[in-house]
Amino acid sequence: MTKIILTGDRPTGRLHIGHYVGSLKRRVELQNSGKYDEIYIMIADAQALTDNMENPEKVRQNIIEVALDYLACGLDPKKSVLFIQSQIPELCEMSFYYMNLVTVSRLQRNPTVKTEIQMRNFEKTIPVGFFTYPISQAADITAFKATTVPVGEDQAPMIEQTREIVYKFNNVYGETLTLPDILLPDNKACLRLPGTDGKAKMSKSLNNCIYLSDTEEEIQQKIKTMYTDPTHLRVEDPGHVEGNPVFIYLDAFCKDEHFEKYWPEYKNLDELKAHYMRGGLGDVKVKKFLNNVIQEELRPIRERRLELAKDIPAIYKILEEGSKIARAKAAQTLSEMKEAMKINYFADKELIAQQAEKFGK
Ligand code: ATP
Ligand code: MG
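These figures come from a predicted structure and were not determined experimentally.

Engineer: Tell me about the overall build of the protein chain, residues and numbers included.
Structural biologist: When you go through the protein chain residue by residue, the secondary structure sums to 16 helices and five strands. Considered along the principal axes of its C-alpha atoms, the protein chain spans approximately 95 × 45 × 40 Å. Split by element, the accessible area of the protein chain, about 18300 Å² in all, is 53% carbon and sulfur. Taken as two groups, the 49 positive and 52 negative side-chain charges of the protein chain have centres that lie 2 Å from each other.

Engineer: Explain unusual backbone geometry to me, using residue names and the numbers behind them.
Structural biologist: Positive phi outside glycine occurs at Asn-121, with the angle close to 55 degrees. Note on placement: Asn-121 falls in the loop between helix 6 (111-119) and helix 7 (128-131).

Engineer: An account of a negative patch on the surface is requested, with residue identities and associated values reported.
Structural biologist: A cluster of like negative charges, contributed by Asp-256, Glu-257, Glu-260 and Asp-270, occupies part of the molecular surface. Among the elements that make up the negative patch, the one with the highest residue count is helix 12 (residues 256-262) (three residues). Positionally, Glu-260 belongs in helix 12.

Engineer: So, the pairing of strand 2 (residues 38-43): which residues are in play, and what are the values?
Structural biologist: Counting buried residues in strand 2 gives five out of six residues, a clear majority hidden from the surface. Judged from the six bridges that link them, strand 1 (residues 4-9) and strand 2 form a sheet pairing that is parallel. Counted as the bridge partner of Gly-8 is Met-42 from strand 2. This β-α-β element, strand 1 to helix 1 (residues 17-33) to strand 2, shows right-handed connectivity. Relative to strand 3 (residues 81-84), strand 2 runs parallel, the two sharing four bridges. Residue Ile-43 lies in a different strand from strand 3, and its bridge partner there is Ile-84.

Engineer: Which residues make up helix 4 (residues 90-98), and what values go with them?
Structural biologist: For helix 4, the complete set of buried residues consists of Glu-90, Leu-91, Met-94, Ser-95 and Tyr-98. Projection of helix 4 onto a plane perpendicular to its axis shows the buried side chains occupying an angular sector of 140 degrees, all on one side. Looking at helix 4, the residues exposed on the side facing more than 90 degrees away from the buried face are Cys-92 and Phe-96. Elements in contact with the buried residues of helix 4: helix 8 (133-143), helix 9 (156-173) and helix 15 (312-340).

Engineer: Talk me through the packing of aromatic side chains; I want residue IDs and the actual numbers.
Structural biologist: A full pass over the atoms with the stated rule returns twelve aromatic pairs. Arranged with centres 4.7 Å apart and planes meeting at 55 degrees, the rings of Phe-169 and Tyr-173 form a pair that is tilted. With Phe-169 and Tyr-173 both in helix 9 and four residues apart, this pair spans about one turn of that helix. Take Tyr-173: its relative accessible area is 29%, and that puts it in the partly exposed class. Relative to Tyr-266, the ring of Trp-263 has its centre 4.9 Å away and its plane inclined at 80 degrees; by these criteria the two rings are edge-to-face. The pair Trp-263 / Tyr-266 is uniform in exposure class, with both members buried. Residue placement shows Lys-3 over the ring face of Tyr-36; its charged tip is 4.8 Å from the ring centre. Here the guanidinium or amino end of Arg-14 rests over the ring plane of Tyr-211, the centre of that ring lying 4.3 Å away.

Engineer: Provide a residue-level description of the pattern of salt bridges, including the pertinent values.
Structural biologist: Taken as a whole, this structure holds 25 salt bridges when the rule is applied. Taking the shortest distance from any N to any O, the salt bridge between Arg-305 and Glu-65 comes out at 2.7 Å. In this pair, Arg-305 is assigned in helix 14 (residues 283-308) and Glu-65 in helix 3 (residues 56-73), connecting sequence segments 240 residues apart. Given the relative accessible area of 10%, Arg-305 is considered buried.

Engineer: If you had to explain the side chain of Thr-162 to someone new, which residues and values would you point to?
Structural biologist: In this fold, Thr-162 is placed in helix 9. Excluding residues within four positions of it along the chain, Thr-162 makes contact with Gln-137, Ala-138, Ile-141, Thr-142 and Pro-180.

Engineer: Give me the lowdown on the site of ligand 1, citing residues and values where you can.
Structural biologist: The environment of ligand 1 is formed by 22 residues, the closest being Thr-12, Asp-154, Leu-193, Lys-201 and Ser-205. One nitrogen or oxygen atom from the side chain of Lys-204 is found 2.9 Å from an oxygen atom belonging to ligand 1. If you map ligand 1 onto the pockets, it falls in the largest pocket. The set of elements that each furnish at least two residues to the shell around ligand 1 consists of strand 1 and helix 1. Tallying contributions element by element places helix 1 first for the shell around ligand 1, with three residues. Its residues placed into classes, the shell around ligand 1 shows five nonpolar, ten polar and seven charged.

Engineer: Please set out the domain arrangement of the protein chain residue by residue, giving values where relevant.
Structural biologist: The parts lose accessible area when they come together, and the size of an interface is often stated as this lost area. For the protein chain, the assigned domains read domain 1 (4-192 + 312-353) and domain 2 (216-308). One C-alpha centre belongs to domain 1, the other to domain 2; they are set 34 Å apart. Each partner contributes to the interface: domain 1 provides 16 residues, whereas domain 2 provides twelve residues. Between domain 1 and domain 2 lies a buried interface of about 1200 Å² when both sides are counted; carbon and sulfur atoms form 63% of it. At the surface where domain 1 touches domain 2, the tally comes to three salt bridges. Across the pair Glu-297 and Lys-25 runs a salt bridge, and its minimum N-O distance is 3.5 Å. Counting across the domain 1 and domain 2 interface gives six residue pairs in polar contact (both at pLDDT 80 or more).

Conventions adopted
- Residues numbered from 1 in each chain as written.
- Chains lettered and ligands numbered in written order.
- Predicted model: local features only at pLDDT ≥ 70, side-chain atom pairs only at ≥ 80, totals over all residues.
- Heavy atoms only, no water.
- Helix = DSSP H or I, 4+ residues; strand = E, 2+ residues; numbered from the N terminus.
- Areas by Shrake-Rupley, 256 points an atom, 1.4 Å probe, with all protein chains shown as cover.
- Lys, Arg positive; Asp, Glu negative; His and termini not counted.
- Charge placed at Lys NZ, Arg CZ, Asp CG, Glu CD.
- Patch = residues over 30% accessible without salt bridge, like charges linked within 9 Å, V, L, I, M, F, W, Y side chains within 5 Å.
- Salt bridge = Lys/Arg side-chain N within 4 Å of Asp/Glu carboxyl O.
- Buried < 20%, exposed > 50% of the residue type's maximum accessible area, 1.4 Å probe, protein only.
- Pairing = 2+ DSSP bridges.
- Right-handed = clockwise from strand over helix to strand, strands pointing away.
- Arc of directions from axis to C-beta.
- Contact = heavy atoms within 4.5 Å.
- Phe/Tyr/Trp six-rings, centres within 6.5 Å; stacked < 30°, edge-to-face > 60°.
- Lys NZ or Arg CZ within 6 Å of the ring centre and 35° of its normal.
- Near = heavy atom within 4 Å.
- Polar contact = N/O pair within 3.5 Å; in protein donor to acceptor, adjacent residues only side chain to side chain.
- 1 Å grid on protein atoms, 1.4 Å probe; cavity = no way out; pocket = protein on both sides within 12 Å on 5 of 7 lines; lining within 4 Å.
- Sits in = over half its atoms within 2 Å of the grid points.
- Nonpolar A, V, L, I, M, F, W, Y, C, P; charged D, E, K, R; others polar.
- Domains from an automatic or database assignment.
- Buried area = accessible area lost by both parts, 1.4 Å probe.

So, in structure tokens, the structure goes:
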């Protein structure tokens, strides 16, 4: 079976370590595994406009930031098609037809959309486009016949919605669309990385992020002032590791080798956690270790990013070429859909003959 990946990000800001562990790092590994026939990585500008319609400049500026983050992390335009959502008008056409397959109450039940509505104070003023973005996301996924969608946990309801649309479409119009599977991170800490403020999700819109492009000083400062265990007041107090973002980040990033290199007093994270929970270990020391671990991971990304930023026109060219390839693929799928839905009148010789006969010609 052909294996195809589709995933992407909204250009609402630079990418952060939540994106990195939740999806981006995995994509690069999958890309380099050679096990996938096609890989599509989308910058979802049209989706970003659904809750930023008054601020198109923000979306426009962040397209290049996201593209730089992609390339700096190792997405390779020779192996993956990097493209911009709004350049593929076929996606809008697909969404329009999918809207008939979904009920309003089904959309209202989507837990991620519910949380996002609250976060944006959209309770009374939700734009229709934002409310229906899970449908447009189904178009993004199915247009490329994606079999695999590597994303963070917050995206699970979107993939579920897409699967329902696929079932329904194929059921009504005949087997046409491919059923996608979600691919979540194996590491539990990476499913939904919390913010530096202790909030449940690190998110561009919440200003609680460590960005892949942050300088060494910015990272250090953010880690220094990070939320930890509020009950761990004195060094001798027993501490909690659960729900403590410092330890969750360590769960996401730290390997045994890091202890050998930066903190040989401990063999591994379990030993460190045990000491913290017993009491007698201060946050400052743990944060210093976390800083070393994160700096080591982000340094090469930041350096590659600075190098890539020297030739911005080349990055736009990559996106332009990618968008052409993506558009051809989406157009092919749309044409199959329209044939299945029997709205391909001019190509349907049988229909024309039938109608001619009906009218006595
Ligand atoms: P916005 O606030 O604009 O929605 P975001 O930070 O949620 O931005 P998205 O572009 O919506 O980022 O998400 C891109 C991808 O990154 C998705 O696959 C999503 O699941 C994943 N992701 C985003 N935030 C996290 C996080 N904190 N932990 C793990 N994965 C994440
Ligand atoms: Mg999001």
